[in-house]
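Each chain, letter by letter, is given below.
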Amino acid sequence: MKRNNDIYIKALSLAIPMMIQNGITNAVGLIDNLMVGSLGTERMTAVSIVGQLIFVFNLALFGGLSGPGIYGAQYFGQGNEEGVRNIFRLKLWISILVVFIGICTFSLFGDNLINLYLQGEAADIDTVLTLNTAREYLMIMIIGLFPFALTQVLSGSLRETGESIKPMIAGMGSVVTDIVFNYLLIFGKFGCPKMGVKGAAVATVIARVVELGILVIWTKKEINKHSFLKGVFKKLIVPFELSKKVIINGLPIFLNEFLWAGGLAFMTQNYSTRGLSIVAGCNIANTLCNLLNVVFIAMGNAVGIIVGQMLGASDYERAKKDSVKLMKFTGILCAGLTVVLICVAKYFPLLYSTTDEVRQIGTRFIILTALFFPIQGYLNALYFTLRSGGKTIITFLFDSIYTWLIPVPVSLVLCRYTGISIYIIFILIQSADILKVIIGYFLIKKGIWITNLVEEAT
(Lines give C-alpha, C1' and ligand atoms only; values in the text may rest on other atoms or scores of the structure.)
Protein backbone atom coordinates (compact mmCIF):
# COMPACT_ATOMS: atom_id res chain seq x y z
CA MET A 1 0.00 0.00 0.00
CA LYS A 2 2.82 2.35 0.90
CA ARG A 3 4.41 1.58 -2.48
CA ASN A 4 1.24 2.77 -4.24
CA ASN A 5 1.05 5.93 -2.18
CA ASP A 6 4.71 6.76 -2.88
CA ILE A 7 4.14 7.20 -6.59
CA TYR A 8 1.14 9.47 -6.02
CA ILE A 9 3.09 11.57 -3.53
CA LYS A 10 6.03 11.87 -5.91
CA ALA A 11 3.75 12.92 -8.76
CA LEU A 12 1.99 15.51 -6.63
CA SER A 13 5.32 16.84 -5.28
CA LEU A 14 6.33 17.59 -8.87
CA ALA A 15 2.90 18.62 -10.11
CA ILE A 16 1.70 20.88 -7.29
CA PRO A 17 4.41 23.54 -7.79
CA MET A 18 3.61 23.48 -11.51
CA MET A 19 -0.10 23.74 -10.70
CA ILE A 20 0.57 26.72 -8.47
CA GLN A 21 2.80 28.41 -11.03
CA ASN A 22 0.48 27.81 -13.98
CA GLY A 23 -2.60 28.44 -11.85
CA ILE A 24 -1.31 31.82 -10.76
CA THR A 25 -0.31 32.62 -14.33
CA ASN A 26 -3.79 31.72 -15.54
CA ALA A 27 -5.28 33.69 -12.66
CA VAL A 28 -3.42 36.68 -14.06
CA GLY A 29 -4.94 35.88 -17.43
CA LEU A 30 -8.32 35.88 -15.72
CA ILE A 31 -7.63 39.23 -14.05
CA ASP A 32 -6.32 40.62 -17.35
CA ASN A 33 -9.45 39.39 -19.01
CA LEU A 34 -11.71 40.98 -16.43
CA MET A 35 -9.84 44.29 -16.58
CA VAL A 36 -9.91 44.34 -20.38
CA GLY A 37 -13.50 43.07 -20.32
CA SER A 38 -14.48 46.18 -18.37
CA LEU A 39 -13.42 48.21 -21.43
CA GLY A 40 -16.09 46.62 -23.65
CA THR A 41 -16.86 43.51 -25.67
CA GLU A 42 -14.77 44.57 -28.69
CA ARG A 43 -11.61 44.91 -26.64
CA MET A 44 -12.24 41.65 -24.82
CA THR A 45 -12.81 39.89 -28.15
CA ALA A 46 -9.66 41.43 -29.65
CA VAL A 47 -7.53 40.16 -26.79
CA SER A 48 -9.18 36.74 -27.10
CA ILE A 49 -8.35 36.51 -30.80
CA VAL A 50 -4.71 37.45 -30.23
CA GLY A 51 -4.67 34.94 -27.40
CA GLN A 52 -5.51 32.21 -29.92
CA LEU A 53 -2.57 33.25 -32.09
CA ILE A 54 -0.14 33.42 -29.15
CA PHE A 55 -1.46 30.03 -28.04
CA VAL A 56 -0.28 28.50 -31.32
CA PHE A 57 3.17 30.06 -30.82
CA ASN A 58 3.35 28.82 -27.23
CA LEU A 59 2.47 25.28 -28.26
CA ALA A 60 5.01 25.39 -31.11
CA LEU A 61 7.67 26.42 -28.59
CA PHE A 62 6.49 23.78 -26.15
CA GLY A 63 6.64 21.15 -28.88
CA GLY A 64 10.11 22.25 -29.95
CA LEU A 65 11.44 21.94 -26.40
CA SER A 66 9.55 18.78 -25.47
CA GLY A 67 11.59 16.44 -27.67
CA PRO A 68 14.89 17.46 -26.03
CA GLY A 69 13.05 17.44 -22.68
CA ILE A 70 12.46 13.68 -22.98
CA TYR A 71 16.21 13.17 -23.29
CA GLY A 72 16.88 15.63 -20.46
CA ALA A 73 14.73 13.63 -18.03
CA GLN A 74 16.27 10.32 -19.12
CA TYR A 75 19.84 11.66 -18.94
CA PHE A 76 19.14 12.88 -15.42
CA GLY A 77 17.71 9.48 -14.48
CA GLN A 78 20.89 7.93 -15.89
CA GLY A 79 23.11 10.35 -13.94
CA ASN A 80 24.68 11.82 -17.12
CA GLU A 81 25.30 15.51 -16.34
CA GLU A 82 27.02 16.33 -19.62
CA GLY A 83 24.03 14.90 -21.46
CA VAL A 84 21.67 17.20 -19.56
CA ARG A 85 23.99 20.13 -20.33
CA ASN A 86 24.02 19.43 -24.08
CA ILE A 87 20.24 19.12 -24.12
CA PHE A 88 19.97 22.56 -22.48
CA ARG A 89 22.17 24.04 -25.23
CA LEU A 90 20.09 22.44 -27.94
CA LYS A 91 16.95 23.89 -26.36
CA LEU A 92 18.46 27.38 -26.58
CA TRP A 93 18.98 27.07 -30.33
CA ILE A 94 15.49 25.69 -30.88
CA SER A 95 13.87 28.50 -28.86
CA ILE A 96 15.75 31.17 -30.83
CA LEU A 97 14.55 29.67 -34.12
CA VAL A 98 10.91 29.39 -32.98
CA VAL A 99 10.88 32.98 -31.68
CA PHE A 100 12.36 34.30 -34.94
CA ILE A 101 9.71 32.52 -37.00
CA GLY A 102 6.96 33.69 -34.63
CA ILE A 103 7.96 37.35 -34.78
CA CYS A 104 8.23 37.30 -38.58
CA THR A 105 4.84 35.61 -38.94
CA PHE A 106 2.98 37.95 -36.58
CA SER A 107 4.66 41.06 -38.01
CA LEU A 108 3.99 40.22 -41.65
CA PHE A 109 0.66 38.40 -41.47
CA GLY A 110 -0.91 39.59 -38.22
CA ASP A 111 -3.87 41.35 -39.84
CA ASN A 112 -4.65 38.38 -42.07
CA LEU A 113 -4.64 36.01 -39.11
CA ILE A 114 -6.86 38.28 -37.01
CA ASN A 115 -9.33 38.71 -39.85
CA LEU A 116 -9.91 34.96 -39.93
CA TYR A 117 -11.86 35.37 -36.67
CA LEU A 118 -13.89 38.38 -37.81
CA GLN A 119 -16.07 36.67 -40.40
CA GLY A 120 -19.08 36.13 -38.17
CA GLU A 121 -21.59 38.86 -37.45
CA ALA A 122 -22.85 40.35 -34.19
CA ALA A 123 -25.19 43.29 -33.96
CA ASP A 124 -23.55 44.74 -30.84
CA ILE A 125 -19.87 44.29 -31.81
CA ASP A 126 -17.81 46.71 -33.97
CA THR A 127 -15.61 44.59 -36.25
CA VAL A 128 -13.28 47.45 -37.29
CA LEU A 129 -12.61 48.45 -33.68
CA THR A 130 -11.95 44.81 -32.80
CA LEU A 131 -9.40 44.47 -35.63
CA ASN A 132 -7.54 47.69 -34.77
CA THR A 133 -7.41 46.80 -31.08
CA ALA A 134 -6.18 43.28 -31.78
CA ARG A 135 -3.44 44.60 -34.08
CA GLU A 136 -2.13 47.04 -31.45
CA TYR A 137 -2.19 44.36 -28.77
CA LEU A 138 -0.36 41.79 -30.92
CA MET A 139 2.45 44.15 -31.96
CA ILE A 140 3.34 44.76 -28.32
CA MET A 141 2.94 41.15 -27.24
CA ILE A 142 5.58 39.91 -29.71
CA ILE A 143 8.22 41.82 -27.72
CA GLY A 144 7.71 39.38 -24.86
CA LEU A 145 8.15 36.22 -26.96
CA PHE A 146 11.93 35.97 -26.48
CA PRO A 147 12.09 36.32 -22.67
CA PHE A 148 9.15 33.91 -22.45
CA ALA A 149 11.03 31.37 -24.58
CA LEU A 150 14.20 31.61 -22.48
CA THR A 151 12.13 31.10 -19.34
CA GLN A 152 10.66 27.91 -20.79
CA VAL A 153 14.14 26.59 -21.62
CA LEU A 154 15.48 27.16 -18.11
CA SER A 155 12.39 26.19 -16.13
CA GLY A 156 11.86 23.05 -18.25
CA SER A 157 15.42 21.87 -17.63
CA LEU A 158 15.08 22.51 -13.91
CA ARG A 159 11.89 20.44 -13.76
CA GLU A 160 13.48 17.60 -15.70
CA THR A 161 16.13 17.44 -12.97
CA GLY A 162 13.48 17.40 -10.21
CA GLU A 163 13.37 21.14 -9.35
CA SER A 164 9.87 22.63 -9.50
CA ILE A 165 10.03 25.29 -6.78
CA LYS A 166 12.20 27.88 -8.56
CA PRO A 167 10.00 28.05 -11.67
CA MET A 168 6.96 28.34 -9.39
CA ILE A 169 8.42 31.27 -7.40
CA ALA A 170 9.53 33.01 -10.60
CA GLY A 171 6.02 32.56 -11.97
CA MET A 172 4.54 34.08 -8.82
CA GLY A 173 6.83 37.11 -9.19
CA SER A 174 5.68 37.46 -12.77
CA VAL A 175 2.06 37.32 -11.68
CA VAL A 176 2.40 40.07 -9.08
CA THR A 177 4.21 42.24 -11.62
CA ASP A 178 1.54 41.66 -14.24
CA ILE A 179 -1.35 42.48 -11.91
CA VAL A 180 0.26 45.69 -10.67
CA PHE A 181 1.21 47.01 -14.10
CA ASN A 182 -2.12 45.97 -15.59
CA TYR A 183 -3.91 48.10 -13.04
CA LEU A 184 -1.51 51.01 -13.52
CA LEU A 185 -1.37 51.00 -17.32
CA ILE A 186 -4.87 49.90 -18.35
CA PHE A 187 -6.62 52.47 -16.20
CA GLY A 188 -3.86 55.11 -15.87
CA LYS A 189 -3.47 55.01 -12.08
CA PHE A 190 -0.88 56.87 -9.94
CA GLY A 191 0.29 59.10 -12.76
CA CYS A 192 0.79 56.33 -15.31
CA PRO A 193 -0.58 56.77 -18.84
CA LYS A 194 -4.06 55.35 -19.48
CA MET A 195 -3.24 52.86 -22.25
CA GLY A 196 -6.24 50.50 -22.21
CA VAL A 197 -5.58 47.25 -24.07
CA LYS A 198 -2.05 48.36 -25.00
CA GLY A 199 -1.35 48.74 -21.30
CA ALA A 200 -2.33 45.11 -20.74
CA ALA A 201 0.18 44.04 -23.40
CA VAL A 202 2.97 46.19 -21.94
CA ALA A 203 2.29 44.76 -18.48
CA THR A 204 2.57 41.22 -19.84
CA VAL A 205 5.92 41.97 -21.49
CA ILE A 206 7.29 43.48 -18.27
CA ALA A 207 6.09 40.44 -16.33
CA ARG A 208 7.86 38.09 -18.77
CA VAL A 209 11.16 39.92 -18.24
CA VAL A 210 10.75 39.87 -14.45
CA GLU A 211 10.02 36.13 -14.45
CA LEU A 212 13.17 35.39 -16.47
CA GLY A 213 15.25 37.70 -14.27
CA ILE A 214 14.14 36.00 -11.05
CA LEU A 215 14.85 32.55 -12.46
CA VAL A 216 18.30 33.46 -13.78
CA ILE A 217 19.46 35.29 -10.64
CA TRP A 218 18.21 32.63 -8.23
CA THR A 219 19.61 29.74 -10.27
CA LYS A 220 22.97 31.46 -10.57
CA LYS A 221 23.17 31.90 -6.80
CA GLU A 222 22.54 28.16 -6.32
CA ILE A 223 24.64 27.00 -9.26
CA ASN A 224 26.21 24.18 -7.22
CA LYS A 225 22.77 22.64 -6.77
CA HIS A 226 22.20 22.78 -10.53
CA SER A 227 25.68 21.83 -11.64
CA PHE A 228 24.55 20.95 -15.18
CA LEU A 229 24.45 24.72 -15.78
CA LYS A 230 28.13 25.18 -14.91
CA GLY A 231 29.98 26.19 -18.05
CA VAL A 232 26.88 25.68 -20.16
CA PHE A 233 27.53 28.93 -22.11
CA LYS A 234 31.27 28.41 -22.60
CA LYS A 235 30.44 26.55 -25.77
CA LEU A 236 27.07 26.41 -27.45
CA ILE A 237 27.97 23.70 -29.94
CA VAL A 238 26.02 20.48 -29.43
CA PRO A 239 27.50 17.16 -30.68
CA PHE A 240 26.13 16.56 -34.16
CA GLU A 241 25.06 12.95 -33.63
CA LEU A 242 23.20 13.84 -30.45
CA SER A 243 21.49 16.83 -32.11
CA LYS A 244 20.52 14.70 -35.06
CA LYS A 245 19.05 11.94 -32.88
CA VAL A 246 17.14 14.34 -30.62
CA ILE A 247 15.79 16.45 -33.49
CA ILE A 248 14.66 13.41 -35.49
CA ASN A 249 12.85 12.01 -32.45
CA GLY A 250 11.59 15.43 -31.37
CA LEU A 251 10.37 16.72 -34.74
CA PRO A 252 7.08 14.78 -34.56
CA ILE A 253 6.44 16.37 -31.14
CA PHE A 254 7.05 19.85 -32.53
CA LEU A 255 4.80 19.19 -35.50
CA ASN A 256 2.25 17.60 -33.22
CA GLU A 257 2.01 20.55 -30.83
CA PHE A 258 2.01 23.08 -33.67
CA LEU A 259 -0.62 21.26 -35.71
CA TRP A 260 -2.71 20.46 -32.64
CA ALA A 261 -2.72 24.11 -31.54
CA GLY A 262 -3.43 25.13 -35.13
CA GLY A 263 -6.29 22.67 -35.19
CA LEU A 264 -7.83 24.17 -32.04
CA ALA A 265 -7.41 27.67 -33.45
CA PHE A 266 -9.04 26.54 -36.69
CA MET A 267 -11.98 25.05 -34.80
CA THR A 268 -12.38 28.29 -32.85
CA GLN A 269 -12.38 30.11 -36.17
CA ASN A 270 -15.13 27.76 -37.36
CA TYR A 271 -17.12 28.55 -34.23
CA SER A 272 -16.65 32.28 -34.92
CA THR A 273 -18.63 31.96 -38.17
CA ARG A 274 -21.69 31.61 -35.92
CA GLY A 275 -21.07 35.16 -34.67
CA LEU A 276 -18.53 37.20 -32.70
CA SER A 277 -20.72 36.67 -29.64
CA ILE A 278 -19.60 33.02 -29.75
CA VAL A 279 -15.95 34.14 -29.72
CA ALA A 280 -16.61 36.42 -26.74
CA GLY A 281 -18.56 33.72 -24.86
CA CYS A 282 -15.88 31.10 -25.52
CA ASN A 283 -13.28 33.56 -24.24
CA ILE A 284 -15.14 33.86 -20.92
CA ALA A 285 -15.43 30.07 -20.62
CA ASN A 286 -11.81 29.43 -21.58
CA THR A 287 -10.53 32.00 -19.11
CA LEU A 288 -12.19 30.19 -16.21
CA CYS A 289 -11.56 26.63 -17.43
CA ASN A 290 -7.88 27.40 -18.07
CA LEU A 291 -7.61 28.37 -14.41
CA LEU A 292 -8.42 24.77 -13.43
CA ASN A 293 -7.04 22.73 -16.31
CA VAL A 294 -3.58 23.42 -14.86
CA VAL A 295 -4.27 20.34 -12.71
CA PHE A 296 -4.22 17.84 -15.56
CA ILE A 297 -1.56 19.76 -17.50
CA ALA A 298 0.79 19.69 -14.49
CA MET A 299 -0.03 16.06 -13.74
CA GLY A 300 0.72 15.15 -17.35
CA ASN A 301 4.12 16.85 -17.14
CA ALA A 302 4.84 15.12 -13.83
CA VAL A 303 3.89 11.73 -15.27
CA GLY A 304 6.20 12.31 -18.24
CA ILE A 305 9.13 13.28 -16.01
CA ILE A 306 8.66 10.41 -13.53
CA VAL A 307 8.18 7.75 -16.19
CA GLY A 308 11.05 9.20 -18.25
CA GLN A 309 13.40 8.94 -15.27
CA MET A 310 12.32 5.32 -14.71
CA LEU A 311 13.01 4.50 -18.35
CA GLY A 312 16.42 6.19 -18.14
CA ALA A 313 17.19 3.96 -15.15
CA SER A 314 15.95 0.90 -17.14
CA ASP A 315 13.18 0.25 -14.59
CA TYR A 316 10.69 -0.78 -17.27
CA GLU A 317 8.17 -2.86 -15.36
CA ARG A 318 7.74 -0.19 -12.73
CA ALA A 319 7.30 2.47 -15.42
CA LYS A 320 4.53 0.43 -17.05
CA LYS A 321 2.59 -0.21 -13.84
CA ASP A 322 2.95 3.27 -12.35
CA SER A 323 1.98 5.06 -15.57
CA VAL A 324 -1.44 3.35 -15.54
CA LYS A 325 -1.98 4.24 -11.87
CA LEU A 326 -1.10 7.88 -12.51
CA MET A 327 -3.42 8.16 -15.51
CA LYS A 328 -6.36 6.94 -13.44
CA PHE A 329 -5.37 9.19 -10.55
CA THR A 330 -5.34 12.23 -12.86
CA GLY A 331 -8.80 11.40 -14.18
CA ILE A 332 -10.17 11.19 -10.63
CA LEU A 333 -8.67 14.57 -9.71
CA CYS A 334 -10.30 16.14 -12.76
CA ALA A 335 -13.72 14.75 -11.85
CA GLY A 336 -13.57 16.98 -8.76
CA LEU A 337 -12.82 19.97 -10.97
CA THR A 338 -15.95 19.24 -12.99
CA VAL A 339 -18.08 19.78 -9.90
CA VAL A 340 -16.33 23.07 -9.08
CA LEU A 341 -16.79 24.47 -12.59
CA ILE A 342 -20.47 23.57 -12.80
CA CYS A 343 -21.10 25.27 -9.44
CA VAL A 344 -19.62 28.61 -10.57
CA ALA A 345 -20.69 28.52 -14.23
CA LYS A 346 -23.73 30.74 -13.74
CA TYR A 347 -21.97 33.40 -11.69
CA PHE A 348 -18.55 33.86 -13.31
CA PRO A 349 -19.78 35.54 -16.57
CA LEU A 350 -21.52 38.22 -14.45
CA LEU A 351 -18.05 39.67 -13.73
CA TYR A 352 -17.79 40.84 -17.36
CA SER A 353 -19.11 44.11 -18.73
CA THR A 354 -20.78 42.59 -21.79
CA THR A 355 -24.18 41.60 -23.15
CA ASP A 356 -26.56 39.08 -21.58
CA GLU A 357 -26.24 36.94 -24.72
CA VAL A 358 -22.46 36.69 -24.35
CA ARG A 359 -22.80 35.85 -20.63
CA GLN A 360 -25.29 33.09 -21.41
CA ILE A 361 -23.00 31.63 -24.06
CA GLY A 362 -20.11 31.73 -21.59
CA THR A 363 -22.11 29.86 -18.93
CA ARG A 364 -23.11 27.10 -21.32
CA PHE A 365 -19.57 26.58 -22.60
CA ILE A 366 -18.21 26.44 -19.04
CA ILE A 367 -20.63 23.62 -18.18
CA LEU A 368 -19.96 21.69 -21.38
CA THR A 369 -16.18 21.99 -21.01
CA ALA A 370 -16.39 20.89 -17.37
CA LEU A 371 -18.23 17.68 -18.26
CA PHE A 372 -15.26 16.54 -20.35
CA PHE A 373 -12.55 17.41 -17.80
CA PRO A 374 -12.06 13.81 -16.53
CA ILE A 375 -11.56 12.55 -20.08
CA GLN A 376 -9.12 15.35 -20.87
CA GLY A 377 -7.18 14.71 -17.67
CA TYR A 378 -6.82 10.98 -18.31
CA LEU A 379 -5.95 11.62 -21.96
CA ASN A 380 -3.28 14.19 -21.11
CA ALA A 381 -1.50 11.82 -18.70
CA LEU A 382 -1.78 9.06 -21.27
CA TYR A 383 -0.22 11.26 -23.94
CA PHE A 384 2.77 12.20 -21.76
CA THR A 385 3.31 8.53 -20.89
CA LEU A 386 3.48 7.54 -24.56
CA ARG A 387 5.81 10.44 -25.25
CA SER A 388 8.17 9.68 -22.34
CA GLY A 389 9.54 6.65 -24.20
CA GLY A 390 10.31 8.66 -27.32
CA LYS A 391 7.51 7.14 -29.40
CA THR A 392 6.88 10.51 -30.97
CA ILE A 393 5.45 9.17 -34.22
CA ILE A 394 2.71 7.43 -32.25
CA THR A 395 1.82 10.61 -30.35
CA PHE A 396 1.93 12.57 -33.62
CA LEU A 397 -0.64 10.24 -35.18
CA PHE A 398 -2.56 9.97 -31.93
CA ASP A 399 -2.93 13.71 -31.39
CA SER A 400 -2.54 16.18 -34.25
CA ILE A 401 -3.26 13.88 -37.19
CA TYR A 402 -6.39 12.73 -35.39
CA THR A 403 -7.35 16.38 -34.76
CA TRP A 404 -7.06 17.31 -38.43
CA LEU A 405 -8.78 14.18 -39.67
CA ILE A 406 -11.83 14.24 -37.38
CA PRO A 407 -12.58 17.33 -35.18
CA VAL A 408 -11.38 19.98 -37.65
CA PRO A 409 -13.33 18.85 -40.74
CA VAL A 410 -16.38 17.90 -38.66
CA SER A 411 -16.48 21.37 -37.05
CA LEU A 412 -15.95 22.98 -40.46
CA VAL A 413 -18.85 21.17 -42.08
CA LEU A 414 -21.25 21.43 -39.13
CA CYS A 415 -20.55 25.11 -38.37
CA ARG A 416 -20.61 26.40 -41.94
CA TYR A 417 -23.10 24.16 -43.72
CA THR A 418 -25.68 23.09 -41.12
CA GLY A 419 -28.03 24.73 -38.67
CA ILE A 420 -27.07 22.44 -35.80
CA SER A 421 -26.68 24.22 -32.47
CA ILE A 422 -23.10 25.28 -31.67
CA TYR A 423 -23.44 23.51 -28.33
CA ILE A 424 -24.32 20.18 -29.95
CA ILE A 425 -21.36 20.61 -32.28
CA PHE A 426 -19.07 21.22 -29.32
CA ILE A 427 -20.36 18.08 -27.54
CA LEU A 428 -19.81 15.96 -30.66
CA ILE A 429 -16.25 17.23 -31.07
CA GLN A 430 -15.35 16.61 -27.43
CA SER A 431 -16.98 13.18 -27.35
CA ALA A 432 -14.72 12.00 -30.17
CA ASP A 433 -11.83 11.99 -27.66
CA ILE A 434 -13.31 8.90 -26.01
CA LEU A 435 -12.02 6.91 -28.99
CA LYS A 436 -8.51 8.26 -28.30
CA VAL A 437 -8.73 7.13 -24.68
CA ILE A 438 -9.60 3.57 -25.74
CA ILE A 439 -6.82 3.36 -28.34
CA GLY A 440 -4.28 5.01 -26.05
CA TYR A 441 -5.01 2.70 -23.13
CA PHE A 442 -4.46 -0.31 -25.40
CA LEU A 443 -1.08 1.10 -26.50
CA ILE A 444 -0.03 1.70 -22.88
CA LYS A 445 -0.93 -1.83 -21.81
CA LYS A 446 0.97 -3.29 -24.78
CA GLY A 447 4.11 -1.46 -23.61
CA ILE A 448 5.31 -0.60 -27.12
CA TRP A 449 6.27 2.89 -25.88
CA ILE A 450 8.87 1.61 -23.39
CA THR A 451 12.34 2.66 -24.59
CA ASN A 452 15.58 3.77 -22.94
CA LEU A 453 16.67 6.47 -25.38
CA VAL A 454 19.84 7.54 -23.60
CA GLU A 455 21.48 4.08 -23.63
CA GLU A 456 22.04 4.57 -27.34
CA ALA A 457 22.50 8.35 -27.26
CA THR A 458 25.32 8.40 -24.71
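Look up: the structure comes first, before these words.
Model, not experiment: these values are computed from the prediction.

Asks: Help me get a handle on the pattern of salt bridges, residues and values and all.
Replies: The full count for this structure, using the stated rule, is ten salt bridges. The residue Glu 81 makes a salt bridge to Arg 85 at a minimum N-O spacing of 3.0 Å. Of this pair, Glu 81 and Arg 85 are both found in helix α3 (residues 81-115), four residues apart, which corresponds to roughly one turn of the helix. Relative accessible area serves as the criterion here: at 9%, Arg 85 is assigned to the buried category. With a shortest N-O distance of 2.9 Å, Asp 356 and Arg 359 are connected by a salt bridge. Taken together, the residues Asp 356 and Arg 359, both in helix α12 (residues 356-371) and three residues apart, mark about one turn of the helix. For Arg 359, a relative accessible area of 18% corresponds to the buried category.

Asks: Would you mind going over unusual backbone geometry in detail, with residue names and values included?
Replies: Of note in this structure, Phe 190 is not a glycine but carries a positive phi near 55°. Examined against the element boundaries, Phe 190 turns out to sit in the loop between α6 (165-187) and α7 (197-221).

Asks: If you had to explain the nonpolar core to someone new, which residues and values would you point to?
Replies: In a soluble, globular protein the nonpolar side chains are often hidden away together inside. Tyr 271, Leu 341, Phe 365 and Phe 373 are the most contacted members of the largest nonpolar core, which has 64 residues in total. Take this core: its biggest share by element is eleven residues, from helix α10 (residues 294-312). When near neighbours in sequence (up to four residues on either side) are disregarded, Phe 365 contacts Ile 278, Cys 282, Ala 285, Ile 422, Tyr 423 and Phe 426. Membership of the second largest hydrophobic core comes to 58 residues, among which are Ala 46, Leu 53, Val 99 and Tyr 137.

Parameters and conventions
- Residues numbered from 1 in each chain as written.
- Predicted model: local features only at pLDDT ≥ 70, side-chain atom pairs only at ≥ 80, totals over all residues.
- Heavy atoms only, no water.
- Salt bridge = Lys/Arg side-chain N within 4 Å of Asp/Glu carboxyl O.
- Helix = DSSP H or I, 4+ residues; strand = E, 2+ residues; numbered from the N terminus.
- Buried < 20%, exposed > 50% of the residue type's maximum accessible area, 1.4 Å probe, protein only.
- Core = buried A, V, L, I, M, F, W, Y, C linked by side-chain atoms within 4.5 Å.
- Contact = heavy atoms within 4.5 Å.

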